[in-house]
Each structure stands twice: as structure tokens, then as C-alpha cells.
Amino acid sequence: MKILVAVKRVVDFNVKVRIKPDGSDVDIAGVKMGINPFDENALEEALRLKERGKASEVVAVSLGGTANQDVLRHALAMGADRAILVETEVNLQPLGVAKLLKAVVEREQPDLILLGKQAIDSDAGQAGQMLAALLGVGQGVAISAIEIWDEEIVVTREIDGGTETLALRLPAVVTADLRLNEPRYVKLPNLMMAKKKPIQTISAAELGVDASPRLTQLKVADPPPRKPGIKVGSVQELVEKLRVEAKVL
Amino acid sequence: MSVLILAEHDGHKLKKVTRQAVTAARSWQASIHILIVGHHIAAVAQEAAGIAGVTEVIQADAAHLAHPLAEDVAGLLVEHAGHYQVILAPHTRFSKNVLPRTAALLDVAMIADVIAVTGPKSYLRPIYAGNITATVESSDTIQIVTVRASSYAAVTDDGTANIASWAVSATTPLARWLGEKRNVSDRPELATARAVVSGGRSLGSAEQFEAVLAPLAEELKAALGATRAAVDAGYAPNDLQVGQTGTVVAPELYIAVGVSGAIQHTAGMKDSKVIVAINQDPDAPIFQVADYGLVANLFEAVPALVAALRTSAPR
Ligand SMILES: Cc1cc2nc3c(=O)[nH]c(=O)nc-3n(C[C@H](O)[C@H](O)[C@H](O)COP(=O)(O)OP(=O)(O)OC[C@H]3O[C@@H](n4cnc5c(N)ncnc54)[C@H](O)[C@@H]3O)c2cc1C
Ligand SMILES: Nc1ncnc2c1ncn2[C@@H]1O[C@H](COP(=O)(O)O)[C@@H](O)[C@H]1O
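Residues numbered from 1 in each chain as written. Chains lettered and ligands numbered in written order. Predicted model: local features only at pLDDT ≥ 70, side-chain atom pairs only at ≥ 80, totals over all residues. Heavy atoms only, no water.

Observations regarding the overall build of chain A
Then comes step 1: When helices and strands are counted, chain A shows 7 helices and 15 strands.
Then comes step 2: Principal-axis analysis of the C-alpha atoms places the extent of chain A at approximately 65 × 45 × 40 Å.
Then comes step 3: Partitioning the contacts of chain A with sequence separation of at least 6, the portion at a separation of at least 24 is 69%.
Then comes step 4: With an accessible surface of roughly 11000 Å², chain A has 52% of that area assigned to carbon and sulfur atoms.
Then comes step 5: Counting 33 positive and 34 negative side-chain charges, chain A places the averaged centre of each group 4 Å from the other. (Helix = DSSP H or I, 4+ residues; strand = E, 2+ residues; numbered from the N terminus. Contact = heavy atoms within 4.5 Å. Areas by Shrake-Rupley, 256 points an atom, 1.4 Å probe, with all protein chains shown as cover. Lys, Arg positive; Asp, Glu negative; His and termini not counted. Charge placed at Lys NZ, Arg CZ, Asp CG, Glu CD.)

Some points on the site of ligand 1
Then comes step 1: The environment of ligand 1 is made up of 30 residues, and the closest members are B:Arg201, B:Thr227, B:Val242, B:Thr245 and B:Asn279.
Then comes step 2: B:Arg201 has a polar side-chain atom sitting 2.7 Å from an oxygen atom of ligand 1.
Then comes step 3: Here an oxygen atom of ligand 1 sits 2.6 Å away from a polar atom, N or O, in the side chain of B:Thr227.
Then comes step 4: About the coverage of ligand 1: the protein hides 84% of its 990 Å² of free accessible area.
Then comes step 5: If you list the elements that add at least two residues to the shell around ligand 1, you get helix H1 (37–51) of chain A together with helix H6 (228–232), helix H7 (263–266) and helix H8 (298–312) of chain B. (Near = heavy atom within 4 Å. Polar contact = N/O pair within 3.5 Å; in protein donor to acceptor, adjacent residues only side chain to side chain.)

Here's the deal with the site of ligand 2
All names here are of chain A.
Then comes step 1: Taken together, 20 residues lie around ligand 2, and Asp 39, Ala 119, Gly 125, Gln 126 and Ala 127 are the ones closest in.
Then comes step 2: A distance of 2.9 Å separates an oxygen atom of ligand 2 from a polar atom in the backbone of Ala 6.
Then comes step 3: In the model, an oxygen atom of ligand 2 is placed 3.1 Å from a nitrogen or oxygen of the Asn 36 side chain.
Then comes step 4: Summarising the interface, the protein chains cover 97% of the accessible area of ligand 2, which totals 480 Å² for the free molecule.
Then comes step 5: Counting residues per element, the ones that place at least two in the shell around ligand 2 are strand S6 (57–64), helix H3 (94–108) and strand S8 (112–116).
Then comes step 6: Of all the elements, S6 adds the most residues to the shell around ligand 2, at 3 residues.
Then comes step 7: Of the residues assigned to the shell around ligand 2, the class counts are 11 nonpolar, 7 polar and 2 charged. (Nonpolar A, V, L, I, M, F, W, Y, C, P; charged D, E, K, R; others polar.)

Describing the sheet that holds strand S5 (residues 110–114) of chain B
Across a sheet, paired strands are connected by hydrogen bonds in the backbone, their directions being either parallel or antiparallel.
Residue and element names in this part refer to chain B.
Then comes step 1: Pairing is parallel in the open sheet, where 7 strands are placed in the order S5-S9-S4-S1-S2-S3-S10. The sheet terminates laterally at S5 and strand S10 (162–165), the two strands that pair on one side only. Pairs of neighbouring strands in the sheet enclose a mean axial angle of 25 degrees, with direction left out of account.
Then comes step 2: In the sheet, strand S4 (residues 84–90) pairs with strand S9 (residues 143–147) via 5 bridges, with the strands oriented parallel. For Pro 90, the partnering residue across the bridge sits in S9 and is Val 147. (Pairing = 2+ DSSP bridges. Axes fitted to C-alpha atoms, helices over the stretch in contact; angles between N-to-C directions.)

Details of unusual backbone geometry
Then comes step 1: Cis rather than trans, the peptide bond between A:Leu170 and A:Pro171 has omega equal to -5 degrees.
Then comes step 2: Mapped onto the elements of the fold, A:Pro171 is located in the loop between strand S11 (162–169) and strand S12 (172–176).
Then comes step 3: The backbone of B:Gln29 sits at a positive phi, close to 50 degrees, despite the residue not being glycine.
Then comes step 4: Following the sequence through the fold, B:Gln29 ends up in the loop between helix H1 (16–25) and strand S2 (31–38).
Then comes step 5: Non-glycine residue B:Ala129 carries a positive phi angle of around 55 degrees.
Then comes step 6: Mapping B:Ala129 onto the fold places it in the loop between strand S7 (122–127) and strand S8 (132–138).
Then comes step 7: Here B:Ala129 falls in the buried class, since its relative accessible area comes to 6%. (Buried < 20%, exposed > 50% of the residue type's maximum accessible area, 1.4 Å probe, protein only.)

Structural notes on the nonpolar core
Then comes step 1: A:Val61, A:Val86, B:Leu6, B:Leu35, B:Leu77 and B:Leu99 are the most contacted members of the largest nonpolar core, which totals 55 residues.
Then comes step 2: In terms of residue count, the dominant contributor to this core is H3(A) (8 residues).
Then comes step 3: If near-sequence neighbours (up to four positions away) are discounted, B:Leu99 is found in contact with B:Leu6, B:Leu77, B:Ile87, B:Ala89, B:Met110, B:Ile144, B:Val145 and B:Thr146.
Then comes step 4: In this structure, B:Ile5, B:Ala109, B:Ile111 and B:Ala161 belong to the second largest nonpolar core, which totals 44 residues. (Core = buried A, V, L, I, M, F, W, Y, C linked by side-chain atoms within 4.5 Å.)

A look at the interface of chain B and chain A
A common measure of how large an interface is: the accessible area buried when the components associate.
Then comes step 1: On the side of chain A, 76 residues touch chain B, which itself brings 84 residues to the contact.
Then comes step 2: Here chain B and chain A share an interface that buries about 6800 Å² over both sides, 52% of which is from carbon and sulfur atoms.
Then comes step 3: For the chain B face of the interface with chain A, the top three residues by lost area are B:Arg93, B:Tyr128 and B:Tyr292, together amounting to 11%.
Then comes step 4: The tally of links between chain B and chain A comes to 8 salt bridges.
Then comes step 5: Note that A:Glu152 is salt-bridged to B:Arg176, the shortest N-O span being 2.6 Å.
Then comes step 6: Counting across the chain B and chain A interface gives 45 residue pairs in polar contact (both at pLDDT 80 or more).
Then comes step 7: Considering each element in turn, the side of chain B that touches chain A owes the most residues, 9 residues, to helix H4 (residues 93–106) of chain B.
Then comes step 8: Class assignment of the residues belonging to the side of chain B that touches chain A gives a composition of 44 nonpolar, 18 polar and 22 charged.
Then comes step 9: With 7 bridges joining them, S11(A) and strand S11 (residues 175–182) of chain B adopt antiparallel strand pairing. From the neighbouring strand, A:Thr165 faces S11(B), where its bridge partner is B:Gly179. (Buried area = accessible area lost by both parts, 1.4 Å probe. Salt bridge = Lys/Arg side-chain N within 4 Å of Asp/Glu carboxyl O.)

Here it is as C-alpha cells:
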């Protein structure tokens, strides 16, 4: 079984991003970037399936500019067999991502496609479901467990108020929740080795896909700040404030 | 043209988030239809027909829709999408599964987790875990939108909508529903509770999480919430996670107990009306969003708070 894993390059989750002076977008120049956390879970799961003999090959794919090579190197260092960069300067949105990934899937013919459940920059949470729709295959969204049967996989996914279990016919698209696993640390020698591995580059134009954005970002802003709070000295004072000042008791 | 709302319900009753989505739907000043997907849902349809401003309730009733698959619901929506200018749902795990699939089949974008509708095709939504808000405009003819329920008040009853039905096709061969596990609790539902008491990793065990926080939740008739660290450690079930990747809440009162206040957590609670933080570290980031901060050991402060609430309560 061949597994394709989509990895996005995003601002590191610890960074508090700032807005450009003209308010048009966030300013990510010089900001620490890395692999989207959920995509790391997706990749980890693919690697574990391979280590358990359930998968034969794990291919990582990223869409975007040449800078995305760093997340693909990270994926190779974690243990991916191959890496593909679909190069485009287009401002990608989930539908465009899904269309480009569909073209890659048609070339690579994987049995299972793993994505993260959500990119932590745009917080969209859509590309996997959209890809499944375009491919006409089943989807397992926000999964916390996966099991391979013969022609099917069984996934446990988070629903409001609990979890549900689904069987999906292969090929299928699955999106990883953070709870799926604990991604391995990348060891330095592996990172050095990954630097030497080739990354296959395909231009988006070559795939013949129109991935242009449908949404225009008009502006960005800081959310309204909360008014500053106070520290109370005791439990009694807290109860007093909640009752008299905040009137929430 | 109309707005179609994909209802959230438990098979017996509509969830409050559906009524909140109706308020959002009013932004378009078009007629509002509500789709109820499920099995034996007549009571839910009746209830929806009573919501003020709803002009039509549509039932999609079939045995296989008792546990609806995204593949089936998206197929159903696509069949009827031509009649609608907007397909809208509260931003829940159900709609997050169904609507992106629907959007892709219709070849349109989806706008997720909207906190304000700023024009017929423009929206305000949080990005970067709520650190930034973005105003976006869509160029598509059909708008597929999920709204953050806590940004909208719930519509009450005052309507008598017509109830119709859609024919339902056979289920997809692509996926099968095998089963589910529900976390049963008598406490109010996290997403819509008036008060929420949340605990972090510092509670130390599932037993202590319950023993320390349950009496406080009881006293305040509050829902319990948790940080991801507490959930990962197994102190609380997954669906109690508050934050960027859990549930977003905005109750009247939010009490964060032994919670550090990582942005991924505050993303899910910083719009609460009143925030209380109890943490022994005076520099914990949670104090930056708290209205009332108490620097204390939670294992002493919480029982003391419960006792104080009991004795001082003017009931
Ligand atoms: C992609 C991504 C998504 C995430 N999504 C979420 C999310 O949705 N929700 C979420 O919550 N987190 C999320 N996280 C995790 C988040 O970054 C934090 O790691 C997490 O919120 C920390 O949980 P905590 O506050 O319980 O633990 P800690 O950060 O360990 O904090 C414990 C706090 O308890 C205090 N404390 C310890 N003992 C006591 C005591 N006896 N009395 C009083 N105070 C005490 C300490 O001072 C400390 O402030 C996400 C992370 C990533 C990378
Ligand atoms: N530019 C990209 N390159 C590769 N994968 C991506 C890209 N954008 C999104 N994805 C994948 O789609 C998932 C969901 O993204 P989103 O729908 O944008 O929240 C991510 O976790 C990735 O697995």
C-alpha cells in the first residue's frame, strides 16, 4: 500500500504573528516557520503503518514556493521515502489545494491519502474533505485512530459529544487529529541525510490545474482587546467581585 | 433565493447552536429554510417550524441518516443547492465534516467559523488561533458558510413554517458507520453552557480533575472544560477540550483552573463575558485575559471557593 501525505509550511505555533502596517495581511517575513502540527501527526501515522508492514511507501507532498523544501526535508528526515514539491506562487486556498492534490493523486495512485485536519494559519479545516469529494472517495475527518483491514480502513473520529467509528473503502482520504499519535523527534543525522535526498519538483502549471483563489482577503485586524483585569487577594474577594461587580453569580 | 441552514440536533431536539445560526442567517434578509437530516425526526422538524423567521423546514428522513455520513449529506445538499444563495451551518464537528465536501462538489469556496457577516459575500473570521481577524470576500455564486454560534444570540419561537420533505437516495458505498461512543454527562453542554469550569494538566489525575472541579461546576450549574494537556493526559474526555482545535465557548462566566493560557487555549474562551483564572504562577499568560485573577494553589483555592459560594449564596 502506498500512502501520500500532504504537508503544509506554516508559521510556528508558538509565534504570535503581527499585522503589516497597511493592514492587508499578516507579516511573516523572518518569522519561524515549520510543518503544520497536524500534518506531522499524519506523517507519523503513515510511517508507523509502514513500520508495521501495512504500507510499502510513504510520499510527502507540499504545495507552495521553493521555501517549502524545508518542510519536505523535515518529512524525509522523519522517514518519508520520497518528497514532491508542487511549485506555485498562487495564494492557495483549500479548494485550490484540493485540486492540485487531486492531480498529484492521479499521477501517484496512492491507496491512502493523509492530511492534517486543519492548517493552523488559516484555520480552515477543509482541504481533506474537498480532496475526497473531488476524487469521489470516502473521508475520515479528524481521526484519532486508524486500522487497516483488507480493502477497507477503520477510523475513529471525533464527533460532538464523543467519537464514532467508520469503515472506508480504499482509496480514501483521512485527516489527522493531534490525538492520533505523538510524532517522533527528528534526529540530527537524519536531518543531515535528508539534505542529500532529492525532492521532485513539479510546477503547478504542468498539472494543468486552475488553483486560483476564490476568496479575497480585504483586510486583517487585531481582535478587540479585553479590558485589563485585576488580581484579587482572596477567595472571599473573588466571590464578592463576581457577585457585586460582574453580577454573574 | 433563500438561505438553507443545516440543522444540528440530537434526534429529539434542535441544538441551541441551530437557533444561533438562524440569527446569522438573518444577515441576508432572505427567506430561511432549515434542513433536518436524520431518522424519525418529525419532532425536531416541528420544533424548527416554530422558530421565528424560518419559512420552511425540510426533513430528509431515512434509516441510514440516523448516523449521517458526510458522503450522503453532501450528496443531498448538492442535489438541491441550486435553489439557495447560501448554505449555512453552525461550526460544529458535523458541519466541518459535511460542508467542505459539499463546497468542493459545487466548485465553490467555503468560509469557516464566521463571527460576523459583513456583506452579502463578505465575512469576518478569526485566523491564527484567533490572534487575528480577517475580512474576506467570496467571488462564488453559492456561499457555503459555517458560523461561530457563540457570536450570535439564539432565536426564540414565534413562527409557523411549512414542513416539507426531500427524497433521500441510497447510502454511499464509500463508507460505513460502525458505531459510536458517547460521553454521557448530566452537566450542561459545553458549547452553550452559561458557565464553564475548565481544568488543566495541573489537576494531576482524572480522579482529582473530577473531585476538585465537579463541586464547583455543580455549584455554578456549569459545564466542565479542559485544556488539551489535560485531555491528552486522560483527565477529561476529548470533547471537553476548549480551544483552537476543540470547542469554542463564550459563556457568561469562565473559570480557568490551573490553566497556563496558551494561545491555542485562549482561542477557545477569550470571548467569554467574565473570565476568572486561578493559577499559582503570577506570570501565567492566562492572567492577561482574566478579569479576575487569583494567584493560589488550586487544591486549596477551589474547595475554598466552593465553600464560599455555598455560604454566601443569597438564594
Ligand atoms: C496545533 C496545536 C493545537 C492546540 N490546540 C489546543 C486546544 O484546542 N486547546 C488547548 O487547551 N490546548 C491546545 N494546544 C496545546 C497548548 O499549546 C498548551 O500546551 C495547553 O493548552 C497547555 O495546557 P495546560 O494549561 O493544562 O498545561 P500547562 O501549560 O502545563 O500549564 C499548567 C498550569 O498550571 C499551573 N499550576 C500547576 N500546579 C498548580 C496548582 N497546584 N495550583 C494552581 N496552578 C497550578 C501552572 O502554573 C501552569 O500555568 C494546542 C497545541 C498545538 C501545537
Ligand atoms: N500548501 C499546502 N501544501 C500541502 N498540504 C496542504 C497545503 N495546504 C493545506 N494542506 C493540507 O490540508 C490540510 C488542511 O488544510 P486547511 O484546509 O487549509 O485547514 C493541512 O493539514 C495539510 O495536510
